[in-house]
Amino acid sequence: MKLEAAIKSALEFENRIRDLYLEAVSRTDEPAGKKIFQTLADDEQRHVDYLESRLDEWQKRGEISNEVLASVVPDKTAIRKEAAALQSKISEDSRGLQQQMLSQALAMEIETSRFYKEMVDQVASGHRAMFARFLEIEDNHIEAVQFELDHLSNTGFWYGFEEFDMESV
């Protein structure tokens, strides 16, 4: 795939997932839930800004800089701490809405991650690093959303795997 088309496609993915997170912010009443969705929306907006600047560079100069893309999604320890605090504060009604929004977000994050994997495989080698960085960030988003969803749903699953209960043995 040509670089300009790849960047434009990436922008479509990033705008869609950002908009989903912004919708979740507006529909969620719980402050902790709003914070999680807003953090993810802000990170996706940074992706949009980054891609727009790369597209502009490409269209004006025929090349792109290798500026490193940062992410604000916290590390696993911070995600788990936030999720633990969130569980006890969410009302049943809000929990259902947040589960629905997180489920939609997870599906979109997986789709976006697959897209970046394809781009890593398809774009010219000189441009793969940019898409590889996006793939890394999107995979972290999948992990964060999956953790939030599993923790929020309290189904006995963690990252999609059934938790082991020592007391039932």
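These numbers come from a predicted model, not from an experiment.

A. A look at the nonpolar core. In this structure, I7, L51, Y116, M130, F131 and F134 are the most contacted members of the largest nonpolar core, which totals 22 residues. Of all the secondary-structure elements, those providing two or more residues to this core are helix 1 (3-27), helix 2 (31-61), helix 4 (92-122) and helix 5 (128-153). No other element matches helix 1, which puts six residues into this core. Non-local contacts of L51, meaning those with residues more than four positions away in its chain, are made with I7, A10, L11, E14, Y116 and F134.

B. Representation of helix 2 within the structure. For helix 2, built from 31 residues, the straight-helix expectation of 45 Å at 1.5 Å per residue is met to within 8% by its first-to-last C-alpha distance of 44 Å. Looking one or two residues beyond helix 2, the residue adopting positive phi is G62, at roughly 75°.

C. Representation of the environment of E14 within the structure. Structurally, the position occupied by E14 is in helix 1. For E14, a relative accessible area of 0% corresponds to the buried category. In sequence terms E14 and E109 are 95 residues apart; their C-alpha atoms lie 9.3 Å from each other. Discounting residues that sit within four places of it in the chain, E14 has contacts with E44, H47, V48, L51, T112, Y116, F134 and E138.

D. The pattern of salt bridges, seen in detail. This structure, assessed with the given rule, holds twelve salt bridges. For E4, the salt bridge identified is with K8, shortest N-O distance 3.1 Å. Remark: K8 and E4 occur in helix 1; sequence separation between them is four residues, near one turn of the helix. With relative accessibility at 27%, the residue E4 sits in the partly exposed group. Residue classification places K8 among the partly exposed positions, given a relative accessible area of 38%. E63 is the salt-bridge partner of R61, the closest N and O atoms lying 3.3 Å from each other. Relative accessible area serves as the criterion here: at 45%, E63 is assigned to the partly exposed category. Counted as one network, the salt bridges with shared partners bring together R54, E57, R61, E63 and E67.

E. Region of interest: the packing of aromatic side chains. In this structure the tally under the stated criterion is six aromatic pairs. Both rings, one in Y116 and one in F131, keep their centres 6.2 Å apart while their planes meet at 35°; by these two values the pair is tilted. With Y116 in helix 4 and F131 in helix 5, the pair connects residues that are 15 residues apart, well separated along the chain. Neither residue differs from the other here; Y116 and F131 are each classed as buried. Counting every residue linked through ring pairs, the aromatic cluster contains F13, Y50, F115, Y116, F131 and F134. Just above the ring of Y50 sits the side chain of R54; from NZ or CZ to the centre is 4.5 Å.

Rules used in this analysis
Residues numbered from 1 in each chain as written. Predicted model: local features only at pLDDT ≥ 70, side-chain atom pairs only at ≥ 80, totals over all residues. Heavy atoms only, no water. Core = buried A, V, L, I, M, F, W, Y, C linked by side-chain atoms within 4.5 Å. Buried < 20%, exposed > 50% of the residue type's maximum accessible area, 1.4 Å probe, protein only. Helix = DSSP H or I, 4+ residues; strand = E, 2+ residues; numbered from the N terminus. Contact = heavy atoms within 4.5 Å. Expected span 1.5 Å × (residues − 1). Salt bridge = Lys/Arg side-chain N within 4 Å of Asp/Glu carboxyl O. Phe/Tyr/Trp six-rings, centres within 6.5 Å; stacked < 30°, edge-to-face > 60°. Lys NZ or Arg CZ within 6 Å of the ring centre and 35° of its normal.

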